[in-house]
Amino acid sequence: MTEHFDAIVIGTGQAGPPLAVRLAGAGRKTAILERKRFGGTCVNVGCIPTKTLIASARAAHVTRIAAEFGVAIDGAVRVEMPQVKARKDKIVAQSTGNVEKWLRETPNITVIEGHGRFESPRIVRVGERRLEASEIFINTGGRPAVPAIEGLAEIDYLTSTSMMAIDFLPEHLVVVGGSYIGLEFAQMYRRFGSRVTVVEMAGRLIAREDEDVSLAVQAILEREGIGLRLNAQCLGVERRAGGVSVHVRCEEDPRDVVGSHLLLAVGRVPNTDDLGLDRAGVTMDARGFVQVDDRLATNVPGIWALGDVNGRGAFTHTSYNDYEIVAANLLDGDSRRVSDRFPVYALFTDPPLARAGMTEREARASGRRVLVGRRAMTRVGRARERGETQGFMQVLVDGDTQKILGATLLGIEADEAIHCIIDVMNAGAPFTAIRRAVHIHPTVSELIPTLLGELQSLQ
């Protein structure tokens, strides 16, 4: 028999649960499907567990340098990886449990565990159950990409997901991928005590960022003893006694990096290959992302796609904003669009890199009259007090409209300080809204008004 619902939500990542609760509260009989882990990537193998591990790694790092602050610690610093993992697992379990409990206890929601696949634009099958609804929301997320590397099928390797299961310290971790995920793991495991080498095919790390940002992040990582192999072409891997060899150059020596463990961190792919989207007639692009319009509707009326699966954000915060956009348009009589938002994200190395809006490269290419304010973290009191003066802050302003175009903050507490900039950008207010504000002393963000008072033409 076919079970009839008003709405079906496929997946319990960041967008799915709040949307299901809103739909149910609006009187729609709602089914929400989960095939594996309640909470999706962020809760289980992404933000929450990795930031929990980063916190443990920072504790180890601060303990090792405690003497610089006049704190004496007798004996060697040891990292007990089983305890590190147990702490992480406990926090993850609390989060996943809370998501599941919330859904199961919400009236008008039916929680169904299993893999949902479309049979038609209105029918989704989960095992032996056949569900029908006039509104269906795809929130199936993504997974680590596994590239076509010669020899990979013959060796064991790790991804950002399988790293969550290890409770030991790799002797030498080779990270293939010098972007956001790879660099967080690289610093994390270096601080735990592993030797770490990052292998990157591009000529610099996090190549989507401006060159000065890439170089500053590189200096931070090298200062902690992380090895880097850039311009790593002709990639190939093979098993070696007690580990793996990564072939990184065709012409230059040494041509191989030999480590005990290999982590692939080369991006993510959407979970769309086993959803039956062809049966529903839903259009995807060449990479498998569901194509959506500015309100996150697919080409099939009554089907929407939210979160990582639509390729419009790939962050927890953009996924949640997807929910807000869909709920506003469907339930609130409001008109919200994906194009209303601008890029905001962070790289959670220590210190973190926080970004909003345009890069300097993009601002130059825009043809605008651009003003720039820049300040080294060595000139920020909070950074000096904490002994963490690496990095800089930069804000770009449209010289004609006085609106902020973008910001790059690399330094202590940058991931928090940038929100005063984000809020003003969202409000469409001029930079003077921050310039004339009174900020608390001593903080990192108190120097942003000062920085904005020193704007110069971008040369």
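Residues numbered from 1 in each chain as written. Predicted model: local features only at pLDDT ≥ 70, side-chain atom pairs only at ≥ 80, totals over all residues. Heavy atoms only, no water.

Of the two faces of strand 8 (residues 135–138), the one holding Glu-135 and Phe-137 and the one holding Ile-136 and Ile-138 are both buried throughout. Pairing of strand 2 (residues 7–10) with strand 8, which is carried by 4 bridges, proceeds in the parallel orientation. When the sheet's bridge partners are listed, Ile-10 is paired in strand 8 with Ile-138. Taken together, the 3 bridges between strand 8 and strand 18 (residues 303–305) define a ladder with parallel strand orientation. Paired with Ile-136 across the strands is Ile-303, a residue of strand 18. (Buried < 20%, exposed > 50% of the residue type's maximum accessible area, 1.4 Å probe, protein only. Helix = DSSP H or I, 4+ residues; strand = E, 2+ residues; numbered from the N terminus. Pairing = 2+ DSSP bridges.)

A few words on the pattern of salt bridges. With the rule as written, the count across this model stands at 33 salt bridges. In this structure, Arg-58 and Asp-350 form a salt bridge, with 2.5 Å as the shortest nitrogen-oxygen distance. A residue pair is termed long-range when its members are at least 10 positions apart, and Arg-58 in helix 3 (residues 47–64) and Asp-350 in the loop between strand 19 (344–347) and strand 20 (353–357) qualify at 292 residues. Note that Asp-294 and Arg-312 form a salt bridge whose closest N and O atoms lie 4.0 Å from each other. Taken together, the positions of Asp-294 in the loop between helix 7 (277–280) and strand 18 and Arg-312 in the loop between strand 18 and helix 8 (316–331) put the pair 18 residues apart, joining distant regions of the chain. In this structure Arg-312 comes out as partly exposed when scored by relative accessible area, which is 34%. Each of Arg-58, Arg-191, Glu-224, Asp-350 and Glu-388 takes part in salt bridges that share partners, so that together they form one network. (Salt bridge = Lys/Arg side-chain N within 4 Å of Asp/Glu carboxyl O.)

On to the side chain of Asp-350, then. When its relative accessible area of 14% is taken as the criterion, Asp-350 is described as buried. In this structure the side chain of Asp-350 is engaged in a polar contact, spanning 2.7 Å, whose partner is the side chain of Arg-191. With residues near it in sequence (within four places) discarded, Asp-350 still touches Arg-58, Gln-187, Arg-191, Ile-220, Glu-224 and Glu-388. (Polar contact = N/O pair within 3.5 Å; in protein donor to acceptor, adjacent residues only side chain to side chain. Contact = heavy atoms within 4.5 Å.)

Our next topic: the sheet that holds strand 11 (residues 195–199). Within the open sheet, the 4 strands sit side by side as 12-11-10-16. Their pairing is parallel. For this open sheet the edge positions go to strand 12 (227–229) and strand 16 (261–264), each flanked by a neighbour on one side alone. The mean angle between the axes of side-by-side strands here comes to 20°, regardless of whether they run parallel or antiparallel. In this structure, strand 10 (residues 172–176) lies alongside strand 11, joined through 5 bridges in parallel fashion. Note on strand 11: the bridge partner recorded for Leu-173 is Val-196. (Axes fitted to C-alpha atoms, helices over the stretch in contact; angles between N-to-C directions.)

Here we come to the packing of aromatic side chains. According to the stated counting rule, one finds 5 aromatic pairs in the structure shown. Where Phe-137 meets Trp-304, the ring centres are 4.8 Å apart and the plane angle is 20°; that geometry is what we call stacked. Separated by 167 residues along the polypeptide, Phe-137 in strand 8 and Trp-304 in strand 18 bring together distant segments of the chain. Looking at Phe-137, the relative accessible area reads 0%, which means it is buried. Consider the rings of Tyr-320 and Tyr-323, whose centres lie 5.1 Å apart with planes at 65°: the pair is edge-to-face. One end of the pair, Tyr-320, and the other, Tyr-323, are both in helix 8, 3 residues apart, so they sit about a helical turn from each other. The exposure class assigned to Tyr-323 is buried, which follows from its relative accessible area of 10%. Three or more aromatic residues joined by ring pairs make a cluster, and in this case those are Tyr-180, Phe-315 and Tyr-345. Sitting over the ring of Phe-5, Lys-29 keeps its end group 5.0 Å from the ring centre. (Phe/Tyr/Trp six-rings, centres within 6.5 Å; stacked < 30°, edge-to-face > 60°. Lys NZ or Arg CZ within 6 Å of the ring centre and 35° of its normal.)

For the rest of this paragraph, the subject is the pairing of strand 5 (residues 116–120). Here strand 5 pairs with strand 6 (residues 123–126) via 4 bridges, running antiparallel. Within strand 6, the residue paired with Arg-117 across the bridge is Arg-125. Connecting strand 5 to the antiparallel partner strand 6 that follows it, the hairpin turn spans 2 residues.

Another point: helix 6 (residues 211–223). Here helix 6 spans 18 Å end to end across 13 residues, near enough to the 18 Å set by a 1.5 Å rise per residue. When helix 6 is considered as a whole, its buried residues turn out to be Val-213, Ser-214, Ala-216, Val-217, Gln-218, Ile-220 and Leu-221. Along its buried surface, helix 6 packs onto helix 5 (180–192), strand 12, strand 19, strand 20, strand 22 (392–398) and strand 23 (404–410). Gly-225 sits one or two positions beyond helix 6 and adopts a positive phi of about 90°. (Expected span 1.5 Å × (residues − 1).)

Further remarks concern a nonpolar patch on the surface. A surface patch of nonpolar side chains, amounting to about 270 Å² of accessible area, comprises Phe-69, Val-71 and Ile-73. You can see Ile-73 is positioned in the loop between helix 3 and helix 4 (81–104). For Ile-73, a relative accessible area of 43% corresponds to the partly exposed category. (Patch = residues over 30% accessible without salt bridge, like charges linked within 9 Å, V, L, I, M, F, W, Y side chains within 5 Å. Areas by Shrake-Rupley, 256 points an atom, 1.4 Å probe, with all protein chains shown as cover.)

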